[in-house]
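Remarks on the overall topology
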Amino acid sequence: MKLSGVMPPIITPFQNGKLDLDKLKKNFQNWNQTGLSGYVVLGSNGEAVYLNDKEKIKVIEVSRESIPKSKIMIVGTGMESTQETTRFTNQSAKMGADCALVVTPSYFKGSMKPQILHDHFISVAESSKIGILIYNVPQFTGINLEPELVAKLSEHPNIIGIKDSSGNIQQLSEIIHLSQKGFAIFVGSAPVFFPALCVGAVGGILAVANAVPKECVQIQNLFNDRKLDEARALQNRLTPLAKAVTVKYGIGGLKMAVDLAGYFGGNPRPPLKKPGREVEEELKRLLLQLKKP
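A brief report on the enclosed structure follows. (Residues numbered from 1 in each chain as written. Predicted model: local features only at pLDDT ≥ 70, side-chain atom pairs only at ≥ 80, totals over all residues. Heavy atoms only, no water.)

1. A look at the packing of aromatic side chains
Filter applied, for reference: Any Phe, Tyr or Trp ring, taking Trp's six-membered ring, that has another such ring centre within 6.5 Å forms a pair; planes under 30 degrees apart are called stacked, those over 60 apart edge-to-face, and the others tilted. We count a stretch as a helix when DSSP gives it H or I for four or more residues in a row; a strand needs E for two or more, and each element gets its number in order from the N terminus. Relative accessibility decides the category of a residue: with a 1.4 Å probe and only protein chains considered, values under 20% of the type maximum give buried, values over 50% give exposed, and everything between is partly exposed. A ring is considered to have a charge above it if a Lys NZ or an Arg CZ atom is located within 6 Å of its centre and within 35 degrees of its normal.
Taken as a whole, this structure holds six aromatic pairs when the rule is applied. An angle of 85° between the planes, with centres 5.6 Å apart, marks the rings of Phe 28 and Trp 31 as edge-to-face. With Phe 28 and Trp 31 both in helix H1 (residues 21-31), this residue pair falls three residues apart, about one helical turn. Its relative accessible area of 0% is what places Phe 28 among the buried residues. With centroids separated by 6.1 Å and ring planes inclined at 35°, the aromatic side chains of Trp 31 and Tyr 263 adopt a geometry described as tilted. Taken as a pair, Trp 31 in helix H1 and Tyr 263 in the loop between helix H11 (250-260) and helix H12 (277-291) lie far apart in primary sequence, 232 residues in all. Assigned by exposure class, Trp 31 and Tyr 263 land together as buried. These aromatic residues form a ring-pair network of at least three members: Phe 28, Trp 31, Tyr 39 and Tyr 263. Of note, Lys 23 hangs over the ring of Phe 264, and the distance from its end group to the ring centre comes to 5.2 Å.

2. A word on the packing of helix H3 (residues 82-94) against helix H4 (residues 114-127)
To keep it simple, the criterion reads: To obtain an axis, a line is fitted to C-alpha atoms, over the contacting stretch when the element is a helix, and the angle between two such axes runs from 0 to 180 degrees between their N-to-C directions. Take the far helix as the reference: if the near one is turned anticlockwise from it by less than a right angle, the crossing is left-handed, and if turned clockwise, right-handed. We call two residues in contact whenever any of their non-hydrogen atoms come within 4.5 Å of each other.
In the contact formed by H3 and H4, the axes pass within 9 Å of each other and the chain directions differ by 30°. Considering how the two elements wind past one another, H3 and H4 form a crossing that is right-handed. Residues Thr 82, Thr 85, Thr 86, Thr 89 and Asn 90 of H3 touch H4, and the partners they reach there are His 120, Ser 123, Val 124 and Ser 127.

3. What to know about the pattern of salt bridges
Applicable threshold: We define a salt bridge as a side-chain nitrogen of Lys or Arg found within 4 Å of a carboxyl oxygen belonging to Asp or Glu.
Counting across every chain of the model gives 12 salt bridges. Across the pair Glu 215 and Lys 291 runs a salt bridge whose closest N-O atoms are separated by 3.0 Å. Placement of Glu 215 in helix H9 (residues 213-224) and of Lys 291 in helix H12 is noted, with a sequence separation of 76 residues between them. Residues participating in the shared-partner salt-bridge network are Arg 277, Glu 280, Glu 281 and Lys 284.

4. Description of the sheet that holds strand E1 (residues 5-7)
Condition: The criterion for strand pairing is that DSSP finds at least two bridges linking the strands in question.
Read from one edge of the open sheet, eight strands run E1-E10-E9-E8-E7-E6-E5-E4, paired in parallel fashion. Among the strands making up the open sheet, the edge pair consists of E1 and strand E4 (38-41). Across the sheet, the axes of successive neighbouring strands diverge by a mean angle of 25°, strand direction being ignored. Inspection of the sheet shows strand E8 (residues 159-164) paired to strand E9 (residues 184-187) by four bridges, in the parallel sense. Its bridge partner being in E9, Lys 163 is matched across the sheet by Phe 186. The strands that helix H2 (residues 53-66) touches are E4 and strand E5 (72-76); relative to E5, the one it contacts most, it runs at about 175°.

5. Notes on the side chain of Gln 235
Within the secondary structure, Gln 235 is located in helix H10 (residues 228-248). Beyond its immediate chain neighbours, meaning those up to four positions away, Gln 235 contacts Ala 190, Pro 191, Val 192, Phe 193, Phe 194, Pro 195 and Ile 219.

6. Section: unusual backbone geometry
Omega for the bond connecting Pro 270 with Pro 271 falls within 30 degrees of zero, at 15°, which places this linkage in the cis form. Along the chain, Pro 271 falls in the loop between H11 and H12. One non-glycine residue, Asn 16, lies in the positive phi region at around 50°. You can see Asn 16 is positioned in the loop between strand E2 (14-15) and strand E3 (18-19). If you check the backbone angles, Glu 47 has positive phi at about 55° while not being a glycine.

7. Concerning the pairing of strand E7 (residues 131-136)
For clarity, the threshold we go by: The handedness rule is simple: strands pointing away from the viewer, and a clockwise path from the first strand over the helix to the second, make the crossover right-handed.
Within E7, six of the six residues are buried, which leaves the element mostly enclosed by the surrounding structure. Residues Gly 131, Leu 133 and Tyr 135 of E7 are buried on one face, and the alternating residues Ile 132, Ile 134 and Asn 136, pointing to the opposite face, are buried as well. As judged from the five bridges shared by strand E6 (residues 99-103) and E7, these two strands associate in the parallel manner. Within E7, the position partnered with Ala 100 by the bridge is Ile 132. Viewed along the sheet, the connection from E6 through H4 into E7 turns out right-handed. Relative to E8, E7 is paired through five bridges, and the arrangement is parallel. From the neighbouring strand, Asn 136 faces E8, where its bridge partner is Asp 164.

8. Considerations on the layout of surface pockets
Worth spelling out the cut-off: Cavity means a closed set of points on a 1 Å grid over the protein atoms alone, one where a 1.4 Å probe fits but cannot get out, pocket means an open set with protein on both sides within 12 Å along at least 5 of 7 lines, and lining means a residue has an atom within 4 Å of a point. Grid points are joined across faces, edges and corners, and a volume is the space filled by probe spheres set on the points. Polar here means any residue outside two lists: the nonpolar Ala, Val, Leu, Ile, Met, Phe, Trp, Tyr, Cys and Pro, and the charged Asp, Glu, Lys and Arg; Gly therefore counts as polar.
As a volume, the largest pocket reaches approximately 1000 Å³. Around the largest pocket sit 45 residues that line it, and Ser 44, Asn 45, Tyr 135, Val 137 and Phe 140 are the ones nearest its centre. Counting only elements with at least two residues in the lining of the largest pocket, the list comes to E6, helix H5 (138-141), H10 and H11. Looking at which element gives the most residues to the lining of the largest pocket, the answer is H10, with four residues. Among the residues forming the lining of the largest pocket, the class breakdown is 25 nonpolar, 15 polar and five charged.

As structure tokens, then:
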């Protein structure tokens, strides 16, 4: 299965604070019509840190039932310890995950030196029954993986790619230049999706693709067809919405945009909250601006 294209790190629907698996199934039915190449289940935008083990298992089960075999299913399996990450990665593999996305451990961030991180990822890769992608998200973890370290990790046959959400195009470009051929490099920041494709990224794992999957897919299709001016123009219309649902208003804003786009977003889990009416008006305007150039 070729790793490329646009995948949303899917949101987790809740009703009255409980998992709403029916709404999740419905979202998948609609997303499956849009040209997405796959999905990331239990990512940051899935509020995975707020789910208990039983809930995580249920989300994986429903996702596996809902995702056609023609689309990639990546599961976020990163835990703080190497042992737990390995355990959960292999549990996800048993349940049908195609590959795992492993975030940098970060609680003891002062100790997370390059060698320790290297050994952590290698150990997980050695024991994992599926390929793993490294997840670099310094805005959440406070840890940034240097291109040299990523390049070194890319030599391991079971470390098959990276999602880099740093938003730093220079760094992404270096990772692409230094890494092994065939190492799948995804950008995790939608405002730099088009430039990332230009420097050699194979696709995007984009939060905003929960709400506007077709437009995200269209950017990559236009790029692949060498219609660069059109791709750039669409990126410029997407960027304000992408910033609003990640940097500015976070998960609550993303879920609100998902609702406005006709999918089910619902409320995030406390302590996160949905933003108020003013934000709703702003998101409506940004969605309209994206749809009508």
